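Given next are the chains, with one letter for each unit.
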Amino acid sequence: MKPILNRKPIIALAGNPNVGKTTLFNALTGSRQTVGNWPGVTVEHKSGSYLYKGNEYEVIDLPGIYSLSGGTPDELVARNFILNEKPDLILNIVDASNLERNLYLTVQLMELGAPILMCLSMADIAEKNGLWIDLDHLSKHLGFEVCKVVLNKRFDSDDLKQRIAENLAHPPTPAQIFYDDIVEIHLDKIWKEILKQKNVPEATQEKPLAKDLYDQVQKTRWQALKLIEKDPEYTRLISDKQRLAVAKEICAIEKHRGQAAPNVIADDRYGFIRGLIKDVVKRKNPGIRTFSDKVDRILLSRYLGLPVFFFVMYLVFWIAVRASKPFINWIEAGLSWLFVDQVRALLEMLSAPHWLSFFFSDAVGGGIATIGTFIPPIFFIYISLSIMEDSGYMARAAFIADKFMRRIGLPGKAFIPLLVGFGCTVPAIMATRTLESPRDRVFASLLTPFMSCGAKLPVYTFLAMIFFPQRADIVIFGLYIFGILMALFTGLMLKKTVFKTEPGNFVMELPNYHIPTFNGIMLHTWFRLKDFVFRASRTIIMAIIIINLLSIVMVPNYFSQGREKVSVLELGGRVITPVMSPLGIDKENWAASVALITGLFAKEAIVGTMQSLYTGSELSIDSNRDEEPLAGLSANIHRAFANWQAALAFLIFVTLYSPCVAALAMLFNEHGLGWTIYSFVYLNILAWVIAMVFYQSFLFSASSIYWLITGLVILGLIYFNLSLIGKRHERTT
Amino acid sequence: MNARRKKKQWRCRLAQNSGQLSYKQGDCVPMTNLNQGQSGTVYSNNDLHTIERGIYIGAKITILRNETEEPNLIVAVGDSRYVLDRRIAQKIDVRID
């Protein structure tokens, strides 16, 4: 086949959410994909390419949207891409089982004048629901080709690729949408006003417009429509004089129809769609309850809804935490052997200087091994989330969660990032992007660190096995629950102070239930995981390099009379130890403070630090060399923490204190410096106060009263400070 | 005053859930006042967001779930099923079929 264009043709996939757009994208491009962000916004950008008959085609997966009104970042991104990048073809994926609602976006794409090829997905579900669609008739009305695809079964991508090539060779011109007569009159006036400004000649019967001029005129009609819809982006572009003229026309439309102008346009679009549906769709069983309706009667029922929800959540949690555990050990052992031991052996064989060997094996190699341990829980949590999303249960779970999420001022959808938080805080903060309002995004992000991430589990297990060998599971479960309770406490406090407004209005579609495809889930998971690994690895490796450097840079020890040299890390630990004394960490137990510092870089580093520092000579008070190493280590830790209350206070601190640097970096990326500093400071203070209150209440002494009052005063000050922030926030908004 | 109004709303919802408060065909009421299983035609809606999702004037809707203690309703609009915030549904008037 001859090349169609001088350059690679660009095909944009556009459609509503949950119509199988990503499945089609994966089927077309396979693994030739790149995932990133659209410039300036946190909306996922996916592009890929495929080869067909010797030609390469670029495919852009636009965000799933309901309209091009530009009310959400997703809508703006899609609209601007089509207008500015001018794709050679738009592949409009439409859910055949829900044609009316899906055609609303199609109509808007038609108004843009872009060449379209429509793919009707879920045709099998439409048939089951008793719908029959006359494709030829629909195609005639719309002015472009309409084809059927069944994405869940054996999908013939070659047939679609052939149609794409044909449509690129002969781009179709979509039919024009006409509005109510009065709207058309006023639209025409605004349109002409813009044409005049752009010096585009008007078309006459004797002198028809050339193709590129036609495109320009088509875009101007779209611009005029956007002005009637009071689109701020387009209203900004016109002069004050034109703005006045447009306002006059809008006023006339609103007076005639008794409705706001944007609503008039939306109503009229549906008027066109209703007429079209009557013409091309035949219903065998009108009013029939669908399969999804029947399943929902059980899964969302008053009595079964909540137990099913908790069971599914427990399953996700179990898969993320328990199922990933053996893989963590294997990956850690494998990567440590490869990147730490082997690299060290190689560099020693090459007689490399000690610092170089240390840098590449312990710092860089250790960092890679640490990132490796993140992969299993994140992989499993993403698999679970993909299954939930693709099957259609995710939206139902958000509906059920909404009942209790609203009590802390968050919409139901916010439970998804919180759930992801049990795997890792970094993707959890990323997952807040699914929330529509910026308020909800910030609020949910601030609560995600309270969900004990997978990296905290080794810390809980390590200390619980030493101090509570008989009841370790109860202690671990209790710490998870305690984190959730503190999230509720913080949520209520933030709701009363900073985020006084109600959560965003909840309008969410309940998609039909589907059986997810294996390929779809694996590809979905793979791209999310790849994105996480590459995004987080830079920060984590950097942090681990710094921490390793701090552990070898020696400075004089100001805490000892002998003035022997100690590492910067150890000195830091000794400096903060007095602050930790009300939590039961006495000055000889500085290793615990150092572990907390290393935990800022990666939570599982706490275990590593404790293992290395408590087996050191200083703390091995009477370690027996014949003893098993862990037994010696366990005994040392037992001695360092005076009692089980101190160990539990330490675990409470670990549960609540600042998330790791990777999560802080993500928070900074998403919400800026202010919220990052707030999260860091608030979580550390809260962790200190709660752990201190716990310890002092259990070991009650004369000084405890002083400490408990201090704790209460600090909590009061936090509340007062949050109220001030809230008031300032109210004034600015 | 606010508490009294809330109490009244709550009583109204309770009556509605127990079936004591029922509207007859042709009545024009906020969507939240419809009982589970009742159908209607959208009479007025000023929210562009929901109009764009298909809840336009003249659209046929059926209430699939409306529990007083829940903040949301589940509404069938054509072939779509939506979870709709009670605050939004309150502003949409429906003529009962």
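Residues numbered from 1 in each chain as written. Chains lettered and ligands numbered in written order. Predicted model: local features only at pLDDT ≥ 70, side-chain atom pairs only at ≥ 80, totals over all residues.

## A word on the overall build of chain A
Here is step 1 of the chain: Scanning chain A from terminus to terminus reveals 29 helices and 12 strands.
Here is step 2 of the chain: The 733 residues of chain A split such that 44% are buried.
Here is step 3 of the chain: Partitioning the intrachain contacts of chain A with sequence separation of at least 6 by distance along the chain shows that 71% fall at a separation of at least 24. (Helix = DSSP H or I, 4+ residues; strand = E, 2+ residues; numbered from the N terminus. Buried ≥ 20, exposed ≤ 12 C-beta atoms within 10 Å, placed from the backbone. Contact = placed C-beta atoms within 7 Å.)

## Concerning the overall build of chain B
Here is step 1 of the chain: Per the secondary structure count, chain B includes 3 helices and 6 strands.
Here is step 2 of the chain: Each helix (α) and strand (β) of chain B, taken in turn from the N terminus, gives the series α-β-β-α-β-β-β-α-β.
Here is step 3 of the chain: A separation of at least 24 residues holds for 52% of the contacts in chain B among residues at least 6 apart in sequence.

## Details of unusual backbone geometry
Residues and elements named next belong to chain A.
Here is step 1 of the chain: With a phi angle near 50°, Lys53 is a residue other than glycine that sits in the positive phi range.
Here is step 2 of the chain: Assignment of secondary structure puts Lys53 in the loop between β3 (44-52) and β4 (55-61).
Here is step 3 of the chain: Since 11 C-beta atoms lie within 10 Å of it, Lys53 is described here as exposed.
Here is step 4 of the chain: In this structure, Lys230 takes a positive phi of about 60° despite not being glycine.
Here is step 5 of the chain: Following the sequence through the fold, Lys230 ends up in the loop between α8 (211-228) and α9 (232-237).

## So, the sheet that holds strand β4 (residues 72-77) of chain B
Here is step 1 of the chain: With antiparallel pairing, 7 strands are arranged side by side in an open sheet as β10(A)-β5(B)-β4(B)-β3(B)-β2(B)-β6(B)-β1(B). Looking at which strands have only one partner, the edges of the open sheet turn out to be β10 (507-509) of chain A together with β1 (28-30) of chain B. Going across the sheet, the axis of each strand differs from the next one's by a mean of 40°, ignoring polarity.
Here is step 2 of the chain: Judged from the 4 bridges that link them, strand β2 (residues 39-44) of chain B and strand β6 (residues 93-96) of chain B form a sheet pairing that is antiparallel. The residue of β6 of chain B that forms the bridge with Ser44 of chain B is Asp93 of chain B. (Pairing = 2+ DSSP bridges. Axes fitted to C-alpha atoms, helices over the stretch in contact; angles between N-to-C directions.)

## A word on the interface of chain B and chain A
Here is step 1 of the chain: Contact with chain B, which involves 26 residues of that partner, is made by 27 residues of chain A.
Here is step 2 of the chain: Put simply, the parts of the chain that give the side of chain B that touches chain A at least two residues each are α2 (48-52), β4, β5 (80-85) and α3 (86-89) of chain B.
Here is step 3 of the chain: The element that contributes the greatest number of residues to the side of chain B that touches chain A is β5 of chain B, accounting for 6 residues.
Here is step 4 of the chain: Split into classes, the residues belonging to the side of chain B that touches chain A amount to 10 nonpolar, 7 polar and 9 charged.
Here is step 5 of the chain: Pairing between β10 of chain A and β5 of chain B: 3 bridges, direction antiparallel. Bridge pairing links Met508 of chain A to Val83 of chain B in β5 of chain B. (Nonpolar A, V, L, I, M, F, W, Y, C, P; charged D, E, K, R; others polar.)

## Describing the confidence of the model for chain B
All names here are of chain B.
Here is step 1 of the chain: Across chain B, the average pLDDT comes to 82, with 77% of residues at or above 70.
Here is step 2 of the chain: Confidence scores differ between elements of chain B, with helix α1 (residues 2-17) showing the lowest mean pLDDT of 58 and β6 the highest of 93.
Here is step 3 of the chain: Our summary of model confidence lists the complex with pTM equal to 0.75 and ipTM equal to 0.81. (pLDDT = per-residue confidence, 0-100.)

## Remarks on the domain arrangement of chain A
All names here are of chain A.
Here is step 1 of the chain: Considered domain by domain, chain A is made up of domain 1 (10-169), domain 2 (181-283) and domain 3 (300-346 + 355-454 + 473-507 + 516-537).
Here is step 2 of the chain: Every contact between the two is made by 18 residues of domain 1 and, on the other side, 19 residues of domain 2.
Here is step 3 of the chain: Elements with a minimum of two residues in the side of domain 1 that touches domain 2: α3 (99-111), β7 (131-133) and α5 (135-142).
Here is step 4 of the chain: A total of 6 residues in the side of domain 1 that touches domain 2 trace back to one element, the largest contributor, which is α3. (Domains from an automatic or database assignment.)

## Here we look at the pairing of β6 of chain B
Two faces make up the sheet, and in a regular strand the side chains alternate between them.
Here is step 1 of the chain: Direction of pairing for β1 of chain B relative to β6 of chain B: antiparallel, over a ladder of 3 bridges. By the bridge assignment, Cys28 of chain B is partnered in β6 of chain B with Arg95 of chain B.

## Regarding the packing of helix α19 (residues 438-447) of chain A against helix α21 (residues 472-496) of chain A
Residues and elements named next belong to chain A.
Here is step 1 of the chain: The contact between α19 and α21 brings their axes to 10 Å, and the two run at 145°. The two elements α19 and α21 cross, and the hand of that crossing is right-handed. Counting all contacts with α19, which are made through Phe443, Leu446 and Leu447, the residues of α21 involved are Ala487, Thr490, Gly491 and Leu494.
Here is step 2 of the chain: Classifying every residue of the contact of α19 with α21 gives 5 nonpolar, 2 polar and no charged. (Left-handed = near helix turned anticlockwise from the far one by under 90°.)

## Notes on the environment of Thr32 of chain B
Here is step 1 of the chain: Along the chain, Thr32 of chain B turns up in the loop between β1 and β2.
Here is step 2 of the chain: Once residues lying within four places of it in the same chain are set aside, the contact partners of Thr32 of chain B are Leu73, Arg86, Ala89 and Gln90 of chain B.

## What to know about the environment of Ala252 of chain A
All names here are of chain A.
Here is step 1 of the chain: The residue Ala252 is located in helix α10 (residues 240-257) in this model.
Here is step 2 of the chain: According to the C-beta neighbour criterion, Ala252 is partly exposed, with 16 such atoms within 10 Å.
Here is step 3 of the chain: The spacing of Ala252 and His186 is 66 residues in sequence and 7.9 Å in space, taken between C-alpha atoms.

## Brief notes about helix α2 (residues 73-85) of chain A
Residue and element names in this part refer to chain A.
Here is step 1 of the chain: Taking 1.5 Å as the rise per residue, α2 with 13 residues should run 18 Å; its terminal C-alpha atoms sit 17 Å apart, in good agreement.
Here is step 2 of the chain: Within α2 the residues assigned to the buried category are Asp74, Glu75, Leu76, Val77, Ala78, Arg79 and Ile82.
Here is step 3 of the chain: The inward-facing, buried residues of α2 abut β1 (10-15) and β5 (89-95).
Here is step 4 of the chain: Immediately beyond the C-terminal end of α2, within one or two residues, lies Lys86, with a positive phi of roughly 45°. (Expected span 1.5 Å × (residues − 1).)

## Some remarks on the pairing of β2 of chain B
Here is step 1 of the chain: Here β2 of chain B runs beside strand β3 (residues 60-65) of chain B; their pairing, made up of 3 bridges, is antiparallel. Residue pairing across strands places Thr41 of chain B opposite Lys60 of chain B, the latter belonging to β3 of chain B.

## Structural notes on the environment of Asp402 of chain A
Here is step 1 of the chain: Following the sequence through the fold, Asp402 of chain A ends up in helix α16 (residues 393-405).
Here is step 2 of the chain: Excluding its chain neighbours within four sequence positions, the residues that come into contact with Asp402 of chain A are Pro411, Gly412 and Phe506 of chain A together with Pro71 and Asn72 of chain B.

## Let's talk about the packing of helix α14 (residues 325-349) of chain A against helix α15 (residues 354-391) of chain A
Residues and elements named next belong to chain A.
Here is step 1 of the chain: Packing of α14 against α15 brings their axes to within 8 Å, and their N-to-C directions diverge by 165°. Taken together, the axes of α14 and α15 are roughly antiparallel relative to one another. Between α14 and α15 lies a crossing whose hand is right-handed.
Here is step 2 of the chain: Its residues assigned to classes, the contact of α14 with α15 comprises 14 nonpolar, 7 polar and 4 charged. (Parallel < 35°, antiparallel > 145°, perpendicular 65-115°, else oblique.)

## Some words on α19 of chain A
Residues and elements named next belong to chain A.
Here is step 1 of the chain: Taken across its 10 residues, α19 has 9 buried, putting it largely inside the fold.
Here is step 2 of the chain: For α19, every residue scored as buried is listed here: Arg439, Asp440, Arg441, Val442, Phe443, Ala444, Ser445, Leu446 and Leu447.
Here is step 3 of the chain: Tucked inside the fold, the buried residues of α19 contact α17 (415-420), α18 (425-431), α21 and α28 (661-698).

## Looking at the confidence of the model for chain A
Here is step 1 of the chain: Residues of chain A with pLDDT of at least 70 account for 88%, and the chain-wide mean is 82.
Here is step 2 of the chain: Below a pLDDT of 50 lies the segment residues 617-630 of chain A, which in the model reaches 15 contacts outside its immediate sequence neighbourhood of four places, other chains included.

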